[in-house]
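Per-entry structural report
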Amino acid sequence: MKRFLLAAVLLSAPAAARDTLGVYYGWGAFRDVRPLHCFAIAQPVRLGSGKWRPFATVSYWPVQRVRGQVHVRLSRERRAMASVVLNIDDRRFPMVAGGADAWAPDPRIDAAIVAAMRSGRMMRISSQSATGGFTDAYLLKGAATAIDSAALGCARGR
């Protein structure tokens, strides 16, 4: 899983533009130089057979003063007007979404999600597609370390 995650992320951008900050269980931490951007990323437990690869990220954009922004690429495109809900263990967070992407509605919810990720075991994000309901599940082992590595990678401003 570690090698697969690393290969998938590294192949998605030019090699010279991305630094690997670390891989922690199923989570990786990376830094893009231009524009400066660091992120922790993971794939769901099951990838499915969609048109794209789903993932969850926690990102840092120091120039824009964005810290700990949660973004999830869903495994399927959600049906128009379908709600998206993220669950971490017994905590529930409403998300905003467009197509196959979902975000926390504001920085306060981003921070609450990241705090829950740090102590949680499993994260699930659910919605409805044109063919029915679906859920993408993520193991959170290694997430806290990857999030910290991403934060530190952009705090140094390299």
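See above for the structure.
A brief report on the enclosed structure follows. Treat the numbers as computed from the prediction; the structure is a model and nothing was measured.

1. Concerning the state of the cysteines
Counted under the stated rule, the structure contains one disulfide. One disulfide bridge connects cysteine 38 with cysteine 154, the sulfur atoms lying 2.2 Å from each other. Torsion about the S-S bond of the cysteine 38 and cysteine 154 cystine: about 95°, corresponding to right-handed handedness. Taken together, the residues span a long stretch of sequence, with cysteine 38 in strand 3 (residues 37-42) and cysteine 154 in helix 3 (residues 143-155) at a distance of 116 residues. Taking relative accessible area as the criterion, cysteine 38 reaches 0% and is therefore assigned buried. Judged by relative accessible area, cysteine 154 falls into the buried class, the value being 8%.

2. Section: helix 2 (residues 107-119)
Note: α-helices contain 3.6 residues per turn, so residues at a spacing of three or four share the same orientation. With 13 residues, helix 2 ought to run about 18 Å at 1.5 Å a step, and its terminal C-alpha atoms sit 19 Å apart, in line with that. Of the positions making up helix 2, those classed as buried are Ile109, Asp110, Ile113, Val114, Ala116 and Met117. Down the axis, helix 2 shows its buried residues gathered within 165° of arc, on one side only. Among the exposed residues of helix 2, those pointing more than 90 degrees away from its buried face are Pro107, Arg108 and Ser119. Measuring from the side-chain oxygen of the N-cap residue of helix 2 to the backbone nitrogen of arginine 108 gives 3.0 Å; that N-cap residue is aspartate 106.

3. A short note on the pattern of salt bridges
Per the stated rule, a full pass over the model turns up four salt bridges. Close ionic contact of arginine 73 with aspartate 101 constitutes a salt bridge, the shortest N to O distance being 2.6 Å. Taken together, the positions of arginine 73 in strand 5 (residues 66-73) and aspartate 101 in strand 8 (residues 101-103) put the pair 28 residues apart, joining distant regions of the chain. Overall, arginine 73 belongs to the partly exposed group, its relative accessible area being 24%.

4. What about the packing of helix 2 against helix 3?
At a minimum axis separation of 7 Å, helix 2 and helix 3 run at an interaxial angle of 130°. Judged on the interaxial angle alone, helix 3 and helix 2 are oblique. Between helix 2, through Val114, Met117 and Arg118, and helix 3, the contact on the second element is made entirely by Ala143, Ala144, Ile147 and Asp148.

Quick notes on the rules
Residues numbered from 1 in each chain as written. Predicted model: local features only at pLDDT ≥ 70, side-chain atom pairs only at ≥ 80, totals over all residues. Heavy atoms only, no water. Disulfide = S-S within 2.5 Å. Helix = DSSP H or I, 4+ residues; strand = E, 2+ residues; numbered from the N terminus. Buried < 20%, exposed > 50% of the residue type's maximum accessible area, 1.4 Å probe, protein only. Expected span 1.5 Å × (residues − 1). Arc of directions from axis to C-beta. Polar contact = N/O pair within 3.5 Å; in protein donor to acceptor, adjacent residues only side chain to side chain. Salt bridge = Lys/Arg side-chain N within 4 Å of Asp/Glu carboxyl O. Axes fitted to C-alpha atoms, helices over the stretch in contact; angles between N-to-C directions. Parallel < 35°, antiparallel > 145°, perpendicular 65-115°, else oblique. Contact = heavy atoms within 4.5 Å.

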